Amino acid sequence: MSGACYANEWLGVPAGQPGVKDYYSDVGGVCTKSASFFGGVPVLPESAGYGIVLGFGIFFSIFTTTLVYLDQRYVGTNVSSEFFNTAGRTVKTGLTAAVIVSQWTWAATLLQSSNVAFQYGVSGPFWYAAGATIQVLLFGILAIQVKRYAPTAHTVCEIIDARWGTTAHKVYIYFCFLTNIIVTAMLILGGAATVNALTGMNKAVAGFLIPLGVVSYTMAGGLKATFMASYIHTAIIFIILLTFLILVYVSDSEGVGSPGKVYDALQAVSAKTRDCSYTQLGQSCGPVKDNRGGSYLTMISEGGIIFGIINIVGNFGTVFVDQSYWQSAIAAKPSSSTRGYLLGGLVWFTIPFSLATAMGLATVALDLPVTGDEAGAGLVPPAAAVHFMGKSGAAAITIMLFMAITSTGSSEQIAVSSLFAYDIYRKYINPKATGEQILYVSRCTILAFGIFSGLLSIILEEIGLSLGFVYLMMGIFIGSAVMPISFLLLWDKCNATGACIAPFAGQVLAVITWVSVASNTRDEDMNLGTVNIYTLGQNYPMLAGNVVAIGSSGIICAVISMMNPQNFDFSTMAKKITLIDDKMPDLDPSENDPQMLKDSLTFISRWGIGFSVVMVIIWPLLSLPAGCGASGVECGVFTKEYFTLWVAIAIAWGIVATVVIIILPVYESMDGINLVLKGLFTNDDVHMRLDSIEAKLEKALGLSATEPEGPFVSDDPCYRAKLIARKVKPAVEI
């Protein structure tokens with residue numbers, strides 16, 4: 001270490017400055033902080049990028065396809081077009097929750113949540129988590145309504161067609177596809193940027209290959225394969241998440257390792273007396289603008305609150321207007337739909353909250369030389385991971401990100417395929433389509449959308465949009481469809497005219513507002529009147545556009561509907577949606593009991609709304625007085641004890657969520673797992689043929705009038721499905 005830089009036990013930085021010595025060097029006799037963390041130099045070789053993207057893609061394709069095969073062979077699953085797109089409508093609570101967590105864990109969940117922690121402090125992870133959890137909790141209300149009024153539906157657009165007719169059907173096909181494209185764009189942007197930063201792999205190539213990695217198993221097994229893969233991906237994400245939590249708060253990591261150390265370091269980074277001449281433009285240094293006391297340790301943050309509002313509004317669109325969430329509701333058992341969404345939302349909360357509270361705040365606490373551009377590209381967690389674990393950390397965060405991208409990507413692929421197969425092909429091209437034709441079209445669409453996703457990555461790279469920009473703007477374009485689509489199953493007076501006009505009117509008004517406010521926002525040169533990516537991406541233009549989108553649409557739809565109420569009879573909806581090549585599953589009669597469904601609606605309404613109020617109102621309000629009356633901090637700024645409690649909640653929530661989401665799906669699926677294990681370790685073909693041989697012997701000996709003694713393997717309720725799959729005649733028909 002040069003004499004220009006001061007060093008003690010763990011610091012190697014200018015005297016009185018926070019940080020880690022590895023990121024300071026002597027430049028012309030001046031101790032200078034690194035200009036950026038990655039500096040354009042990848043941590044891992046380019047071959048590692050290809051190995052992860054292609055290797056994991058191939059591995060999970062083979063692994064998941066094998067699980068689908070075992071499910072067909074030993075559990076008796078018949079992959080009809082209905083099963084391909086609905087997973088048999090028998091998915092239980094644990095797997096439903098795991099799928100919700102997986103679908104909702106985007107690249108942005110892992111990357112953007114830590115970016116807002118880097119920008120705003122503790123309020124960022126909280127508002128990301130709370131602002132994107134309530135949509136899942138509240139969607140549970142629509143999920144049970146699907147089971148009550150449209151149990152045979154395959155897509156949300158089918159339900160719209162059954163209620164509001166063809167014109168509305170076409171309108172919402174557009175909004176659903178737009179949602180799928182925006183979500184896919186964010187997956188590609190975040191994934192490609194991180195893989196590029198960590199391995200040097202070309203962004204366009206990474207963006208092209210990532211979505212193609214899940215095409216094979218999604219084409220082979222449909223929604224059930226997607227669910228199986230999602231569970232595995234979710235388990236891996238939570239294991240890595242816990243590892244990072246422990247490294248930051250329960251270890252001997254340099255500079256951090258306990259809530260107290262992180263607290264002291266955050267206070268030092270944001271100190272008003274800190275000399276920022278050593279740091280580069282865009283790096284964290286000194287008080288946080290518009291935060292109480294300039295501290296990272298406060299919920300009173302103007303930027304954090306604005307982000308929270310944008311997050312809440314924007315994410316309603318990407319849940320309520322995304323076919324993949326409707327598809328999960330359709331796939332769940334009636335009794336599991338509400339509990340699955342409630343559990344899934346509460347478990348998902350811990351990913352952005354705990355991960356960003358660890359990685360985002362650690363990046364600031366250690367004063368890593370992460371620039372604003374790197375943070376905007378989602379590189380805060382990778383920077384912290386590389387600092388703590390070197391190449392192993394880079395590999396861990398890349399794998400974690402790949403799990404998130406592929407699980408959500410497969411959900412988007414099957415969602416798009418269902419929309420095209422049922423709402424375009426069956427509705428407008430071939431109304432008499434058979435199950436085989438629907439299955440063929442679904443698989444072709446998955447392949448086509450996978451290729452389109454790859455091409456989209458090239459387009460996005462050329463435009464130069466960042467993950468953060470797309471994340472904040474999504475509500476402007478799809479938020480206007482939220483209120484009408486919510487009225488679909490909740491308000492009988494909403495008419496087709498309002499449902500058609502409101503989303504387009506809201507979208508147009510939102511874009512006009514967004515551009516207008518941006519033109520009155522100062523650009524990079526502090527000039528007014530400029531409309532570009534910079535001004536459009538600022539907080540207030542984004543806030544205005546998002547709020548106008550959802551608010552104006554809801555008002556327009558309500559006013560038009562009240563002028564001429566539809567007064568729709570929901571009991572007539574189910575008759576308008578038909579199955580093709582299968583029947584509804586043979587569930588316990590209690591699953592379809594009207595009173596049970598009504599009680600489930602009451603349950604999810606009470607708990608979904610209750611938890612939502614706690615998360616976005618009560619919890620933030622309770623945190624406002626933190627530090628009031630304590631010495632050394634301003635009122636509203638966390639004390640060390642309060643921050644320790646905050647971290648303890650994040651760690652406890654993370655541990656409980658990990659245990660629940662890994663164990664519960666396995667526990668609920670033990671019957672199927674036992675069948676597969678029994679089939680793997682016993683020759684069921686021989687057992688079946690022995691039953692047939694015994695029946696033949698009975699007939700040859702003239703004893704066929706006597707009931708053969710059992711039990712036989714053919715007594716298994718899945719025996720007939722197995723025989724059909726293998727084209728073998730059952731013994732009882734000989």
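Residues numbered from 1 in each chain as written. Predicted model: local features only at pLDDT ≥ 70, side-chain atom pairs only at ≥ 80, totals over all residues. Heavy atoms only, no water.

Counting secondary structure elements, the chain contains 27 helices and two strands. Residue burial in the chain is summarised as follows: out of 734 residues, 59% are buried. The contacts of the chain with a sequence gap of at least 6 include a subset with a gap of at least 24, amounting to 81%. As presented, the chain carries roughly 27,700 Å² of accessible surface, and 64% of it is formed by carbon and sulfur atoms. (Helix = DSSP H or I, 4+ residues; strand = E, 2+ residues; numbered from the N terminus. Buried < 20%, exposed > 50% of the residue type's maximum accessible area, 1.4 Å probe, protein only. Contact = heavy atoms within 4.5 Å. Areas by Shrake-Rupley, 256 points an atom, 1.4 Å probe, with all protein chains shown as cover.)

It is the contact of helix 9 (residues 215-249) with helix 17 (residues 435-463), at a shortest axis distance of 9 Å, that shows an interaxial angle of 165°. By the angle class used here, helix 9 and helix 17 are roughly antiparallel. Here helix 9 and helix 17 pass one another in a crossing that is right-handed. Note on element contacts: helix 17 touches helix 9 through Arg 443, Ile 446, Leu 447 and Gly 450, opposite Val 215, Thr 218, Met 219 and Ala 220. Residue classes in the contact of helix 9 with helix 17 are distributed as five nonpolar, two polar and one charged. (Axes fitted to C-alpha atoms, helices over the stretch in contact; angles between N-to-C directions. Parallel < 35°, antiparallel > 145°, perpendicular 65-115°, else oblique. Left-handed = near helix turned anticlockwise from the far one by under 90°. Nonpolar A, V, L, I, M, F, W, Y, C, P; charged D, E, K, R; others polar.)

For the coordinates displayed, the defined rule picks out one disulfide. One disulfide bridge connects Cys 628 with Cys 635, the sulfur atoms lying 1.6 Å from each other. Linking Cys 628 and Cys 635, the disulfide has an S-S dihedral of approximately 55° and is accordingly described as right-handed. Not engaged in a disulfide, the cysteine Cys 157 finds its nearest cysteine sulfur in Cys 176; these two sulfurs lie 3.9 Å apart. (Disulfide = S-S within 2.5 Å.)

A separate point is the environment of Val 91. Within the secondary structure, Val 91 is located in the loop between helix 2 (81-86) and helix 3 (93-104). Taking C-alpha positions, Val 91 is 9.3 Å from Ile 330, a pair spaced 239 residues apart along the chain. Non-local contacts of Val 91, meaning those with residues more than four positions away in its chain, are made with Thr 96, Phe 227, Ala 331, Ala 332, Lys 333 and Ser 336.

Summed over the entire model, instances satisfying the criterion amount to 41 aromatic pairs. Judged by centre distance (4.9 Å) and plane angle (70°), the ring pair of Phe 37 and Phe 38 falls under edge-to-face. The two residues Phe 37 and Phe 38 agree in class, both being buried. Grouping aromatic residues by their ring pairs yields a cluster made of Phe 126, Trp 127, Phe 349, Phe 353, Trp 619, Phe 638, Tyr 642, Trp 646 and Trp 653. (Phe/Tyr/Trp six-rings, centres within 6.5 Å; stacked < 30°, edge-to-face > 60°.)

Taken together, the side chains of Ile 609, Val 613, Val 614, Ile 617, Ile 618, Leu 621, Leu 622 and Leu 624 present a nonpolar region at the surface, about 650 Å² in accessible area. When you line up the elements, Ile 617 lands in helix 23 (residues 594-623). Given a relative accessible area of 43%, Ile 617 falls into the partly exposed group. (Patch = residues over 30% accessible without salt bridge, like charges linked within 9 Å, V, L, I, M, F, W, Y side chains within 5 Å. Salt bridge = Lys/Arg side-chain N within 4 Å of Asp/Glu carboxyl O.)

At Phe 420, helix 16 (residues 391-429) is bent by approximately 25°, the largest bend along its length. For helix 16, the tally of buried residues reaches 30 of 39 residues, placing the bulk of the element in the interior. (Bend = angle between axes of the 7 residues up to and from the residue.)

Below, the discussion takes up the pattern of salt bridges. One pass over the full model with this rule turns up five salt bridges. Between Glu 158 and Arg 426 there is a salt bridge whose closest N-O contact spans 3.7 Å. In this pair, Glu 158 is assigned in helix 6 (residues 156-164) and Arg 426 in helix 16, connecting sequence segments 268 residues apart. We note that Glu 158, like Arg 426, is buried. Residue Asp 492 pairs with Lys 493 through a salt bridge whose shortest N-O separation is 4.0 Å. Of the residues examined, Asp 492 reaches a relative accessible area of 25% and is grouped as partly exposed.

With that settled, the discussion passes to the nonpolar core. Counting residues in hydrophobic clusters, the biggest one holds 213 residues, and the most contacted among them are Trp 106, Ile 159, Phe 244, Tyr 249, Phe 320, Trp 326 and Phe 643. With 19 residues, helix 9 is the single largest residue contributor to this core. Setting aside chain neighbours within four positions, we find Trp 106 in contact with Val 183, Met 186, Leu 187, Asn 315, Thr 318, Tyr 325, Ala 404, Thr 408, Tyr 471 and Met 474. Among the nonpolar cores identified, the runner-up in size contains six residues, and Ala 421, Tyr 422, Tyr 425 and Val 441 belong to it. (Core = buried A, V, L, I, M, F, W, Y, C linked by side-chain atoms within 4.5 Å.)

Relative to the 16 Å expected for twelve residues at 1.5 Å per residue, helix 3 spans 16 Å between its end C-alpha atoms, a close match to the ideal helical length. Within helix 3, twelve of the twelve residues are buried, which leaves it mostly tucked inside the rest of the structure. Listed as buried for helix 3 are Thr 93, Gly 94, Leu 95, Thr 96, Ala 97, Ala 98, Val 99, Ile 100, Val 101, Ser 102, Gln 103 and Trp 104. (Expected span 1.5 Å × (residues − 1).)

This part covers the side chain of Ser 411. Turning to its location among the elements, Ser 411 is positioned in helix 16. One polar contact links the side chain of Ser 411 to the main-chain carbonyl oxygen of Ser 407, over a distance of 3.1 Å. If sequence neighbours within four positions are ignored, Ser 411 has contacts with Gln 103, Thr 226, Ser 230 and Ser 324. (Polar contact = N/O pair within 3.5 Å; in protein donor to acceptor, adjacent residues only side chain to side chain.)

Along the chain, Ala 185 turns up in helix 7 (residues 166-199). Separated by 286 residues in the primary sequence, Ala 185 and Tyr 471 place their C-alpha atoms 9.6 Å from one another. When sequence neighbours within four positions are dropped, the list of residues in contact with Ala 185 reads Leu 456 and Leu 460.

To continue, consider the packing of helix 11 (residues 302-320) against helix 18 (residues 467-478). Working note: a packed helix pair is described by the angle between its axes plus the distance between those axes. Contact geometry of helix 11 with helix 18 gives a least axis separation of 8 Å together with a crossing angle of 55°. The angle between helix 11 and helix 18 places the two elements in the oblique class. The handedness of the crossing between helix 11 and helix 18 comes out as left-handed. Touching Phe 307, Ile 310, Asn 311, Gly 314, Asn 315, Gly 317 and Thr 318 of helix 11 are Tyr 471, Leu 472, Met 474, Gly 475 and Ile 478, all from helix 18. Tallied by class, residues from the contact of helix 11 with helix 18 come to six nonpolar, six polar and no charged.

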